[in-house]
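Below, each chain spelled out in residue letters.
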Amino acid sequence: MGKKRVMLPVEEVDLTAVKYEPEVIQAPHLTGYWLKLFVKIVETPLIGYLVVQYLKKQNKLSELLEDTVIPERPMFKPEFPPQEPEAGVVLLQEDGKPEDRVQTALNCLPHYDPASCWTGDMNISFRYWKIRDYAYAYRSRISTPSMVAERIISVMEEFSNKNPPAPLLISFNAEEVRKQAVASTQRFEEGNPLSILDGIFMAIKDDIDCYPHPSNGATTWYHEVRPVKKDAVCVSKLRSCGVIFVGKANMHELGMGTTGNNPNYGTTRNPHALERYTGGSSSAPAAIVASGLCSAALGTDGGGSVRIPSSLCGVVGLKTTFGRTDMTGSLCDGGTVEIIGPLASSVEDVMLVYAAILGSSHADRISLKPSLPSLPKLSSDDSSNALGSLRLGKYTEWFNDVYSTDISDKCNDVLDLLSKNCGCKTVEIAIPELHEMRSAHLVSIGSEALCSLNPYYADGKGAKLTYDVRTNMELFRTFTASDYVAAQRLRRRLMYYHMEIFKKVDIIVTPTTGMTAPAIPPSALKFGETNLQVTGYLMRFIIAGNLLGLPAISIPVGYDRQGLPIGLQLIGRPWGEASILCLASAVEELCAGSKKRPASFYDILKANQE
């Protein structure tokens, strides 16, 4: 009989005695021919199974799941204890009109001064055009949605002709964009815009339905088995606010990767360094925002897929509490780790989009009992007072476990600024069982992905997936029912630890990623790449948001020595979006002077003034 590892009941674990263990991943880095050969091996019956089992053993997956006695009951999706209401916030009506919620969000923002925004040289002191800048331009007749549309269409067509391909949009119809823009322009001419979001251009990740575009999840075939007949719920809400959709944004195939590599359509390039990845899986949504082409985009986040590319591309990305947004109409509807969330160039733009799309599904309202959604009042002194009372939890050894100290140094500098300028207090914490958390998340998201794709494998669709996704699928196939239950037992333990930590702190702070944007190997462009060491660095800090359903946001805080963006992550209590948005806004203001113009940037509004 093998030796079993027996875990203490979670209530008996001494959090003060936790010791940090750095993550070590044992797996080959493969591209090109070697990746094709490896996939052929792992897909070979028996031999492939043995290879995958060996890799699992090397990375202690078997030890953490099969050989461990876990006393807790399984938690098959996030279950949150009742939460205290956030202080100094404005409540939003889930059942109200999206445009009314957007107006409430607009009222929460600081005063908008056109003079300060429309004077000065963006080349000297760089700032992105915000949603309120576009709204002012339209209402002042400086520009029109139709004028902006023509510039965006020109750029998108330019990207479609690049060699090697690096498309931002997988599905794009210039006439459809013009049609939406004409309707919006007419509303402005009549003095009847639908909301502050009217005429605002947004990209939608390719796993979220946006009629009449297909939803492929960046595969070559998903539209054949799942035709799109209407908008996803979140897209419908944005459309009612007058948003103009430019098309379906490129992504890592089926969301199963952290780099954004995609041999099917071409790999999106990082606007700050075109030879580097954007991060994934919401790769093009982040790149489109970072390039200045759209004010915002929608992505999905099942394993950091909004936060990772936001960090690597220097934009803001919000992962909401699990169940806060309705997933109906997305390819990942029905999972227990994914959400739909906004990416934008600023916290205020994230707030405006978030206000439009929020609203739990009927089923989630019954099972999760969400607190009422709310926003911080950035327009009043209440937000400053709220900041002064915040306790920020920092697990120093984990925080500093990064590829380059540029990341931890920059993030530590921001914490010092928050203490000095806002009165925030940093509290040392420890988070047990981080390796178990990563394993539980891998089994959860992998099993759910396999369940969704299994029906199509018999039809030969599996062979049409990219090589790195096929590698992942072979790993997922080795997970057993008992592995899945063990992972859900671990989920309950980890939820307990985090709720205990949140009794002592208000927000947990980490770098968003453990490394800045990795280089794209030329050999990875045609057949893809598997590099689990890079994946480990990119996912190091993001798992709790997905496995436990906690809200989290990534905010750009500066650059490393190579000029690549660094992100700071704020993880909040369940339903605590207002608190992390309030702190994120303060971080953004403290770091505003360091923002740099990306190497690939399109000044859309200026182009339309010429």
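Residues numbered from 1 in each chain as written. Predicted model: local features only at pLDDT ≥ 70, side-chain atom pairs only at ≥ 80, totals over all residues. Heavy atoms only, no water.

Chemist: How would you explain the overall build of the protein chain if you had to name every residue and give the values?
Modeler: A tally of helices and strands in the protein chain yields 25 helices and 19 strands. Computed over the C-alpha atoms, the radius of gyration of the protein chain is 23 Å, within 12% of the 25 Å expected from 2.2 N^0.38 for a compact globule of 610 residues. For the protein chain, the spread of C-alpha atoms along the principal axes amounts to about 80 × 55 × 50 Å. Residues counted as buried form 60% of the 610 residues belonging to the protein chain. Approximately 23,400 Å² of the protein chain is accessible, and the part contributed by carbon and sulfur atoms is 53%. (Helix = DSSP H or I, 4+ residues; strand = E, 2+ residues; numbered from the N terminus. Rg over C-alpha atoms; globule rule 2.2 N^0.38 Å. Buried < 20%, exposed > 50% of the residue type's maximum accessible area, 1.4 Å probe, protein only. Areas by Shrake-Rupley, 256 points an atom, 1.4 Å probe, with all protein chains shown as cover.)

Chemist: Give me the lowdown on the confidence of the model for the protein chain, citing residues and values where you can.
Modeler: Averaged over every residue, the pLDDT of the protein chain is 95; the share at 70 or more is 98%. Helix H15 (residues 382-388) is the least confidently modelled element of the protein chain, averaging 76 in pLDDT, while strand S16 (residues 507-511) averages 99, the highest of any element. (pLDDT = per-residue confidence, 0-100.)

Chemist: Let's hear about a nonpolar patch on the surface: which residues, and what values?
Modeler: On the surface, a cluster of nonpolar side chains totalling about 350 Å² of accessible area is made up of Leu46, Tyr49 and Leu50. Take Leu50: it is sitting in helix H2 (residues 47-58). (Patch = residues over 30% accessible without salt bridge, like charges linked within 9 Å, V, L, I, M, F, W, Y side chains within 5 Å. Salt bridge = Lys/Arg side-chain N within 4 Å of Asp/Glu carboxyl O.)

Chemist: Any details on the pairing of strand S7 (residues 244-249)? Residues and values, ideally.
Modeler: With six of six residues buried, S7 is to be regarded as a mostly interior element. Here strand S5 (residues 169-171) runs beside S7; their pairing, made up of two bridges, is antiparallel. Pairing of Ser171 across the sheet is with Lys248, part of S7. One ladder, built from five bridges, connects strand S6 (residues 201-205) with S7; its direction is parallel. Looking at the pairing, Met202 lines up with Phe245 of S7. (Pairing = 2+ DSSP bridges.)

Chemist: So what's going on with the packing of helix H18 (residues 434-457) against helix H20 (residues 481-501)? Residues and values would help.
Modeler: One can describe the packing of H18 onto H20 by two numbers: an axis separation of 9 Å at closest approach and a directional angle of 130°. Viewed along their axes, H18 and H20 adopt a mutual orientation that is oblique. H20 is crossed by H18, and the crossing has left-handed handedness. Residues Glu436, Met437, Ala440, Val443, Ser444, Ser447 and Glu448 of H18 form the contact with H20, whose participating residues are Asp483, Tyr484, Ala487, Gln488, Leu490, Arg491, Leu494 and His498. Its residues assigned to classes, the contact of H18 with H20 comprises seven nonpolar, four polar and four charged. (Axes fitted to C-alpha atoms, helices over the stretch in contact; angles between N-to-C directions. Parallel < 35°, antiparallel > 145°, perpendicular 65-115°, else oblique. Left-handed = near helix turned anticlockwise from the far one by under 90°. Contact = heavy atoms within 4.5 Å. Nonpolar A, V, L, I, M, F, W, Y, C, P; charged D, E, K, R; others polar.)

Chemist: Explain the state of the cysteines residue by residue, including any values.
Modeler: Inspection of the entire model under this criterion finds zero disulfides. Summary of cysteine pairing: Cys241 is not part of a disulfide, and the nearest cysteine sulfur, belonging to Cys234, is at 12 Å. The buried category is assigned to Cys241, whose relative accessible area is 0%. In this model Cys424 remains outside any disulfide bridge; the closest cysteine sulfur is found in Cys422, 5.2 Å from its own. (Disulfide = S-S within 2.5 Å.)

Chemist: Explain unusual backbone geometry to me, and be specific about the residues and the numbers.
Modeler: The peptide bond linking Asn163 to Pro164 adopts the cis configuration, its omega dihedral lying at 0°. Among the secondary structure elements, Pro164 is positioned in the loop between helix H7 (145-160) and S5. In this structure, the amide linkage connecting Gly280 to the following residue, Ser281, adopts the cis form with an omega of 10°. Tracing the backbone shows Ser281 in the loop between strand S9 (273-277) and helix H11 (283-290). Even without being a glycine, Lys369 presents a positive backbone phi close to 50°. Mapping Lys369 onto the fold places it in the loop between helix H14 (362-368) and strand S13 (374-376). One non-glycine residue, Trp575, lies in the positive phi region at around 65°. Considering the arrangement of structural elements, one finds Trp575 in the loop between strand S19 (565-572) and helix H24 (577-590).

Chemist: Tell me about the sheet that holds strand S18 (residues 552-559), and name the residues and values.
Modeler: The 11 strands lie next to each other as S5-S7-S6-S10-S12-S11-S18-S19-S16-S14-S15, forming an open sheet whose pairing is mixed. One side of each edge strand has no neighbouring strand; the edge strands of this open sheet are S5 and strand S15 (425-428). In this sheet, neighbouring strand axes are inclined to one another by 35° on average, regardless of whether the strands run parallel or antiparallel. Bridge count between S18 and S19: seven bridges; the pairing is antiparallel. Considered in S19, the bridge of Ser554 is made with Gln569.

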